[in-house]
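Okay, here's what each chain looks like letter by letter:
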Amino acid sequence: ARVQTILRRVPAGANAARLLRFDGIEIDLDRRSVMRHGEVIELTSTEFELLALLAAAPHKVFSRDDILEKLRGRSAEDIHSRAVDILVSRLRRKLEPLDCIHTLRNAGYTFAGVRV
């Protein structure tokens, strides 16, 4: 009876995997895997973190500084490089033919996938 009472307290979806599903792409946050049209895509840890960051808030614009800060965990004020641009470029190449990461000139990047 005690076990049943405790199990009733746990929300129904608490044990379900954390999945982000979009048209053509599925991101499993628990397994750190990405599938494009049913095919597993190999991503580096940083590429996965960037994709998860962008996909968690579709259509939200992240500046380069925001991305560096969230991925590296520290302020990006002292970094004057194209690291984010190169990372996004590599990620886009791996996600082709999907066009889900958009650049907003002078603003940053956004995930433009359509949730399923």
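Just so it is clear, the structure is predicted and the values come from calculations on it, not from any experiment.

*Asks:* Any chance you could explain the pattern of salt bridges here in plain terms?
*Replies:* Opposite charge on two side chains allows them to pair when their charged atoms are near. Tallying each qualifying case throughout the model produces nine salt bridges. Here Glu-49 ties to Arg-32 by a salt bridge, and the two come within 2.5 Å at their closest N and O atoms. Taken together, the residues span a long stretch of sequence, with Glu-49 in helix 2 (residues 45-56) and Arg-32 in the loop between strand 2 (25-28) and strand 3 (33-36) at a distance of 17 residues. Taking the shortest distance from any N to any O, the salt bridge between Arg-36 and Glu-39 comes out at 3.5 Å. We classify Glu-39 as partly exposed; its relative accessible area is 44%. Here the salt bridges share partners, and the residues they tie into one network are Glu-47, Arg-90 and Lys-94.

*Asks:* I tried to follow the side chain of Arg-36 on my own but got confused; where do I start?
*Replies:* Looking at the element boundaries, Arg-36 is found in strand 3. Apart from the residues lying within four places of it in its own chain, the contact partners of Arg-36 are Gly-24, Ile-41, Lys-94, Leu-95, Glu-96, Pro-97 and Leu-98.

Procedures and definitions
Residues numbered from 1 in each chain as written. Predicted model: local features only at pLDDT ≥ 70, side-chain atom pairs only at ≥ 80, totals over all residues. Heavy atoms only, no water. Salt bridge = Lys/Arg side-chain N within 4 Å of Asp/Glu carboxyl O. Helix = DSSP H or I, 4+ residues; strand = E, 2+ residues; numbered from the N terminus. Buried < 20%, exposed > 50% of the residue type's maximum accessible area, 1.4 Å probe, protein only. Contact = heavy atoms within 4.5 Å.

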